[in-house]
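# A closer look at the structure
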Amino acid sequence: MDESWTLVNINRLIMKKIKNYIKTFLLWELWQGLSVTLRNFFRPSTTIQYPEEKTPQSSRFRGLHALRRYPNGEERCIACKLCEAVCPALAITIESEVADDGTRRASRYDIDLFKCIYCGFCEEACPVDAIVETRIHEYHMEAPGENIMTKDKLLAIGDKFDNLITKDKAADAKYR
Amino acid sequence: MPLYLQNLVIITTQILAVTICVILTVAFTTYFERKVIGYMQGRIGPNRVGIKGLGQPFADVIKLLIKEVVIPSRSNRYLFVIAPLLSLIPALATWAVIPLTDGFVIADINAGLLYVLALTSVGVYGVLLAGWATNSKYAFLGAMRCAAQIVAYEIAMGFALVGVLMASGSLNLGEIIASQSGGFSQWFIIPLFPLFMVYFISGVAETNRAPFDVAEGESEIVAGFHVEYSGVAFAVFFLAEYANIILIAALTSIFFLAGWSSPFEGWVFLGEGNFLREPSFFWLAVKICFFIFVFFWIRATFPRYRYDQIMRLGWKIFIPVTIVWIAVEGVMVWMKVGPWSI
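Calculation rules
- Residues numbered from 1 in each chain as written.
- Chains lettered and ligands numbered in written order.
- Predicted model: local features only at pLDDT ≥ 70, side-chain atom pairs only at ≥ 80, totals over all residues.
- Heavy atoms only, no water.
- Helix = DSSP H or I, 4+ residues; strand = E, 2+ residues; numbered from the N terminus.
- Rg over C-alpha atoms; globule rule 2.2 N^0.38 Å.
- Buried < 20%, exposed > 50% of the residue type's maximum accessible area, 1.4 Å probe, protein only.
- Core = buried A, V, L, I, M, F, W, Y, C linked by side-chain atoms within 4.5 Å.
- Contact = heavy atoms within 4.5 Å.
- 1 Å grid on protein atoms, 1.4 Å probe; cavity = no way out; pocket = protein on both sides within 12 Å on 5 of 7 lines; lining within 4 Å.
- Points joined across faces, edges and corners; volume = space filled by probe spheres on them.
- Nonpolar A, V, L, I, M, F, W, Y, C, P; charged D, E, K, R; others polar.

## Concerning the overall build of chain A
Each helix and strand in chain A was counted, giving six helices and five strands. In chain A, the succession of α and β elements from N to C terminus is α-α-β-α-β-β-α-β-β-α-α. Computed over the C-alpha atoms, the radius of gyration of chain A is 31 Å, more than 25% above the 16 Å expected from 2.2 N^0.38 for a compact globule of 176 residues. Taken along its principal axes, the extent of the C-alpha atoms in chain A is 100 × 40 × 40 Å. Relative to its full complement of 176 residues, chain A shows a buried share of 28%.

## A short note on the nonpolar core
Phe255(B) and Phe256(B) are the most contacted members of the largest nonpolar core, which has 78 residues in total. The element best represented in this core is helix H9 (residues 231-257) of chain B, accounting for 16 residues. The residues touching Phe256(B), leaving out its near neighbours within four places in the chain, are Ala160(B), Val164(B), Gln180(B), Trp187(B), Phe188(B), Ile189(B), Leu192(B), Leu195(B), Phe196(B) and Tyr199(B). With 27 residues, the next largest nonpolar core counts Ala79(A), Cys83(A), Cys116(A) and Ile131(A) among its residues.

## Topic: the layout of surface pockets
Where empty space is left can be seen by rolling a probe of water-molecule size over the atoms. Of the pockets and cavities examined, the largest pocket occupies roughly 1,500 Å³. Mapped onto the lining of the largest pocket, the elements with two or more residues apiece are helix H1 (7-25) and helix H2 (28-41) of chain A together with helix H7 (193-206), helix H10 (281-301) and helix H11 (307-335) of chain B. Here the lining of the largest pocket gets eight residues from one element, more than from any other, and that element is H7(B). The residue inventory of the lining of the largest pocket, partitioned by class, reads 32 nonpolar, three polar and five charged. Size it by volume and the second largest pocket reaches roughly 870 Å³. As for the second largest pocket, its lining consists of 37 residues, of which Thr30(B), Leu64(B), Phe234(B), Phe238(B) and Tyr242(B) are closest to the centre. Those elements that provide at least two residues to the lining of the second largest pocket are helix H1 (3-40), helix H2 (56-65) and H9 of chain B.

Structure (structure tokens):
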């Protein structure tokens, strides 16, 4: 637009100023703001009533850990310590032994939930799909030391939620 | 029973009635506020205590009552305790002259409007004393801001009421309402619209509500004048603030929206004896609720004013606007062009 000081331009500037003045006195912009809040007032709220309602959860959700078994009941974990090596938070501690049938087994498999950052690297690293992160995220500790998930506790979770874990892994399998 | 004892009983009953009614209304006003602002922000507000969260205000009150009142050792003990009362009492006492329906008023005094102006001005001393007595920098800053703001807006508010006074020709609140009777077209909001806006916005400023809540200004001076108040003492300040909101809403509806009279007076097609046509407390309640809603609506919408903007609005816009409109109104009254007849 031509910004020179022609009579037309000066006229336009004055008109703009008068227009702004009227707008200010009519509280034009304030009404616009009020209309936004009023429209939102009649819009349904986005609140999720948490314990009763829950948001949808991905099958890849990384929550509490579990150790899995083969369908015949044999532990999957072979104490290869790849998860221990990959763990960026050094949350996993593994000790291995030779089991009665001559296989290599973990005699100790501890995950410190206070150190764990739930990155899912252990699950990625595991060659036998033994350690997994389930979608369980509602858990708590009541006494000191309960943050350490021992092998027994992890296996118990794996047994308890076997169906859920198997289903989630199957859903994700085609993308791997 | 001797006369003075009778009077004592009657007056005490009236005081108790006003106090209890206002406190109960305040309780549900806080609930209303949280719900309104919640919905405007896409939330749902309190909904856990009682049915639909209606028990929430009582839970809050009980929490505040059983908390300890901490009195700072360097504060002025006497003033510190008396300040919250001083801000609450005027807010309650003003209700004495507010007519709820035709003739239903505790004190039908001739100088009702002056009484209202006087008492609403006293309320600010509570805030000032609180800021002073606390002996804390934040509280003092809050009190000073509050003082300057109230001085600025009290003038505009008074001038806006001069307009009402000129139009109605009376200081009695009942007569002010009576002079607006005859349906929506007779209400002072139409000829006095600029004064109505000035009065209501000044009312928001007087009650220290957002966007004029620099006296509290929690992002700058923590909680302003009531930074050191806790427990019951804080509850009383809280009560005073909300009582003032209800009061300003009631006064605005009385001065500009004809209080208890119906907007549909004389509308034939509503049918004879339809309660919508009759003046009643229902209409006053509707108007008060609407203005309370507007208070919360404004709070949910606008960010806090900068301090110099508050001063500019009060001194350089509101006061000239009211003076100009009073002059215009004077000409209108003189030429007998207004909807009123004096």
